[in-house]
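So you can see what is in the structure, the chains are spelled out below.
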Amino acid sequence: MTTTEAKPTTDSELDAIFEPIFDRIAHGAVPREIDRTLPFAELGWLRAAKFGALRVPVEFGGYGVTVRQLFRLLIKLAAAESNLPQALRVHFSFVEDQLLAEPGPARNRWLHAVAEGTLVGNAITEPGVGAVDRYRTTLTEDSGRWLLNGVKYYSTGSLYADYILAAADRDGERVGVLVDANADGVRRHDDWDGFGQRLTASGTTEFTDVVVTEDRILGPGYGAPGRTYATSYLQLVQLSVLAGIAERAERDAREWVTARTRSYTHAAAGVPRQDPLVQQVIGRLSAAAFAAEAAVLAVADLLDEVLAGGAQDEKGLVAAELAAARAQLVVIDLVLPATTLLFEVGGASVVSERLRLDRHWRNARTISVHNPAIQKARAIGDHLLNGTELPFAWSAGERKPTEGAAQ
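Residues numbered from 1 in each chain as written. Predicted model: local features only at pLDDT ≥ 70, side-chain atom pairs only at ≥ 80, totals over all residues. Heavy atoms only, no water.

## Looking at the overall build of the chain
If you tally the helices and strands in the chain, you get 13 helices and eight strands. Relative to the compact-globule value of 22 Å for 407 residues, the chain shows a C-alpha radius of gyration of 22 Å, a close match. Taking the principal axes of the C-alpha coordinates as reference, the chain spans close to 80 × 70 × 40 Å. A total of 407 residues make up the chain; the buried ones form 53% of that total. Sequence-distant contacts in the chain: of pairs separated by 6 or more residues, those separated by 24 or more amount to 76%. As displayed, the chain offers around 18,500 Å² of accessible surface, 52% of which is attributable to carbon and sulfur atoms. (Helix = DSSP H or I, 4+ residues; strand = E, 2+ residues; numbered from the N terminus. Rg over C-alpha atoms; globule rule 2.2 N^0.38 Å. Buried < 20%, exposed > 50% of the residue type's maximum accessible area, 1.4 Å probe, protein only. Contact = heavy atoms within 4.5 Å. Areas by Shrake-Rupley, 256 points an atom, 1.4 Å probe, with all protein chains shown as cover.)

So this is what it looks like as structure tokens:
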């Protein structure tokens with residue numbers, strides 16, 4: 001097998017590799033949802049096919065795909081299993097950070113590791129007081145060693161990962177720390193209790209005196225001031241999940257209608273697939289999925305340009321952030337109504353538990369609240385009207401009252 005055959009770069013070559021895997025993953029989506037079975041096996045299939053190495057250059061053993069190609073495949077994966085792209089969200093951002101890093105042994109080591117199947121999860125967000133002021137998770141020096149201590153929540157994908165990218169405070173500085181997932185002092189809990197995206201492993205991670213070597217301190221952590229590609233990139237992964245959900249919702253509704261023979265005495269046709277009202281619903285679902293994917297890929301094209309330039313173009317970073325913010329509002333407004341509209345194609349039988357069609361709305365609703373759309377809409381308006389900087393790497397938690405504000 002030649003290098004070209006082993007490392008495809010075209011969409012058709014990538015589809016030949018991954019679509020059969022996506023089909024296998026989709027086949028078990030409803031049973032996993034019913035039994036709450038975490039998709040370890042399915043992630044193993046992706047790992048074996050080097051899905052996590054899509055952006056890793058060919059010379060390091062990856063596929064070397066464009067950002068657009070990556071997000072196109074993330075949409076397809078989300079259509080098969082919406083939990084998996086979200087679980088891999090920080091992994092792909094970690095890979096981008098390595099691609100942007102200075103050439104050298106550390107960069108080479110991590111790119112090769114990813115090509116061999118290594119996956120990275122996250123431990124950034126903190127419960128309770130949170131990290132509006134600073135991270136409560138700390139990196140402190142003790143007898144010549146760095147020790148990591150703290151508790152994180154929304155640790156998406158960490159149960160599936162080999163390493164965890166943790167955000168911590170080091171004497172008032174936000175730093176990123178890469179920790180072995182199975183290191184002494186690391187405890188991971190599958191206690192995510194959201195009504196959607198139940199299989200993302202987005203629960204609690206505890207760090208107790210975890211020893212961190214100097215080479216695992218990666219520099220400024222999430223939330224450090226300044227413009228970055230990362231927030232638009234991470235947001236776009238979530239939007240690709242929504243686009244994939246819309247695609248699967250349309251497909252599930254269409255397949256259900258196609259096979260259905262029951263109709264109503266007052267319906268416009270003898271079978272639902274011939275009913276113009278039902279046809280209209282399917283058409284609207286299809287349009288929502290199409291437009292959601294188009295919005296995601298439009299932002300991906302901007303990120304392709306920004307990342308190809310080393311993510312140093314300030315105007316490009318703002319343009320990508322603004323585009324991702326706009327796309328967030330549009331995609332949410334397309335997908336949430338679509339995942340409710342699909343139920344109009346049938347009567348009471350369409351809400352059968354065995355179909356679990358409600359998972360599409362629950363998953364879409366859950367992914368949509370991760371970065372509150374009302375705050376994003378306000379930020380866009382403030383930016384356009386007043387030139388206010390867009391919120392790049394923001395944090396959640398308790399804020400100190402502003403002087404003069406109502407208590």
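## Brief notes about helix 8 (residues 105-115)
Along helix 8, the residues classified as buried are Arg-107, Trp-110, Leu-111, Ala-113, Val-114 and Ala-115. Looking at the packing, one finds that the buried side of helix 8 touches helix 7 (89-100), strand 4 (163-170) and strand 5 (173-180). One or two residues past the end of helix 8 sits Gly-117, with phi positive at roughly 115°.

## Details of the packing of helix 5 (residues 67-80) against helix 10 (residues 276-308)
Remark: helix 5 packs on helix 10, axes separated minimally by 8 Å, with the N-to-C direction vectors making an angle of 150°. On the basis of their axis angle, the class for helix 5 and helix 10 is roughly antiparallel. With respect to the hand of their crossing, helix 5 and helix 10 are arranged in right-handed fashion. Judged by residue contacts, Val-67, Arg-68, Phe-71, Arg-72 and Ile-75 of helix 5 engage Glu-293, Val-296, Leu-297, Ala-300, Asp-301, Leu-303, Asp-304 and Leu-307 from helix 10. Of the residues in the contact of helix 5 with helix 10, the class split is eight nonpolar, no polar and five charged. (Axes fitted to C-alpha atoms, helices over the stretch in contact; angles between N-to-C directions. Parallel < 35°, antiparallel > 145°, perpendicular 65-115°, else oblique. Left-handed = near helix turned anticlockwise from the far one by under 90°. Nonpolar A, V, L, I, M, F, W, Y, C, P; charged D, E, K, R; others polar.)

## Let's talk about helix 9 (residues 230-259)
Compared with the 44 Å implied by 1.5 Å per residue over 30 residues, the 44 Å span of helix 9 between its first and last C-alpha is a close match. Here helix 9 lies mainly inside the structure; 25 of its 30 residues are buried. (Expected span 1.5 Å × (residues − 1).)

## Things to note about the side chain of Asp-304
As for its position among the elements, Asp-304 is in helix 10. Despite its burial, Asp-304 remains without a salt bridge, the nearest opposite charge being carried by Arg-55 at 4.4 Å. Here Arg-68 takes part through its backbone nitrogen, which lies 3.1 Å from a polar atom of the side chain of Asp-304. Other than its neighbours up to four places away in sequence, Asp-304 contacts Arg-55, Thr-66, Val-67 and Arg-68. (Lys, Arg positive; Asp, Glu negative; His and termini not counted. Salt bridge = Lys/Arg side-chain N within 4 Å of Asp/Glu carboxyl O. Polar contact = N/O pair within 3.5 Å; in protein donor to acceptor, adjacent residues only side chain to side chain.)

## A closer look at the environment of Ala-393
Checked against the element boundaries, Ala-393 lands in the segment after helix 13 (373-386). Separated by 172 residues in sequence, Ala-393 and Gly-221 have C-alpha atoms that sit 9.6 Å apart. Setting aside anything within four residues of it in sequence, one finds Ala-393 in contact with Tyr-222, Gly-223, Ala-224 and Thr-231.

## A short note on the pattern of salt bridges
Counted according to the given criterion, the structure contains 26 salt bridges. The residue Arg-187 makes a salt bridge to Glu-206 at a minimum N-O spacing of 3.8 Å. A residue pair is termed long-range when its members are at least 10 positions apart, and Arg-187 in strand 6 (residues 186-188) and Glu-206 in strand 7 (residues 205-212) qualify at 19 residues. For Glu-206, a relative accessible area of 22% gives the class partly exposed. A salt bridge links Glu-250 to Arg-254, with the nearest nitrogen and oxygen atoms 2.7 Å apart. Residue Glu-250 and its partner Arg-254 are located together in helix 9, separated by four residues, close to a single helical turn. Given a relative accessible area of 10%, Glu-250 falls into the buried group. Under the relative-accessibility criterion, Arg-254 is labelled partly exposed at 37%. Bridged by salt links that share partners, the residues Glu-33, Arg-198, Asp-358 and Arg-362 form one connected network.

## Section: the pairing of strand 2 (residues 138-142)
Here five bridges tie strand 2 to strand 3 (residues 145-152), and the two strands are oriented antiparallel to one another. When the sheet's bridge partners are listed, Thr-140 is paired in strand 3 with Leu-147. (Pairing = 2+ DSSP bridges.)

## Digging into the packing of aromatic side chains
Under the defined criterion, the tally for this structure stands at 13 aromatic pairs. Summarising the aromatic geometry, the rings of Phe-40 and Tyr-160 are spaced 5.0 Å apart at their centres and angled 70° between planes, so their arrangement reads as edge-to-face. Residue Phe-40 is located in helix 4 (residues 40-48), and its partner Tyr-160 is located in the loop between strand 3 and strand 4; the two are separated by 120 residues in the primary sequence. The class of Phe-40 is partly exposed, set by a relative accessible area of 44%. Under the relative-accessibility criterion, Tyr-160 is labelled buried at 6%. Judged by centre distance (5.1 Å) and plane angle (90°), the ring pair of Trp-110 and Tyr-163 falls under edge-to-face. With a gap of 53 residues between them, Trp-110 in helix 8 and Tyr-163 in strand 4 connect regions that are remote in the sequence. Of the two residues examined, Trp-110 and Tyr-163, each falls in the buried class. Here the aromatic residues Phe-18, Phe-22, Phe-51, Tyr-63 and Phe-92 are joined through ring pairs into a cluster of three or more. The ring centre of Trp-45 lies 3.7 Å from the NZ or CZ of Arg-24, which sits over that ring. A cation over a ring is seen here: Arg-170 above Trp-146, with NZ or CZ 5.3 Å from the ring centre. (Phe/Tyr/Trp six-rings, centres within 6.5 Å; stacked < 30°, edge-to-face > 60°. Lys NZ or Arg CZ within 6 Å of the ring centre and 35° of its normal.)

As far as function goes, none of this settles anything; it's purely spatial.
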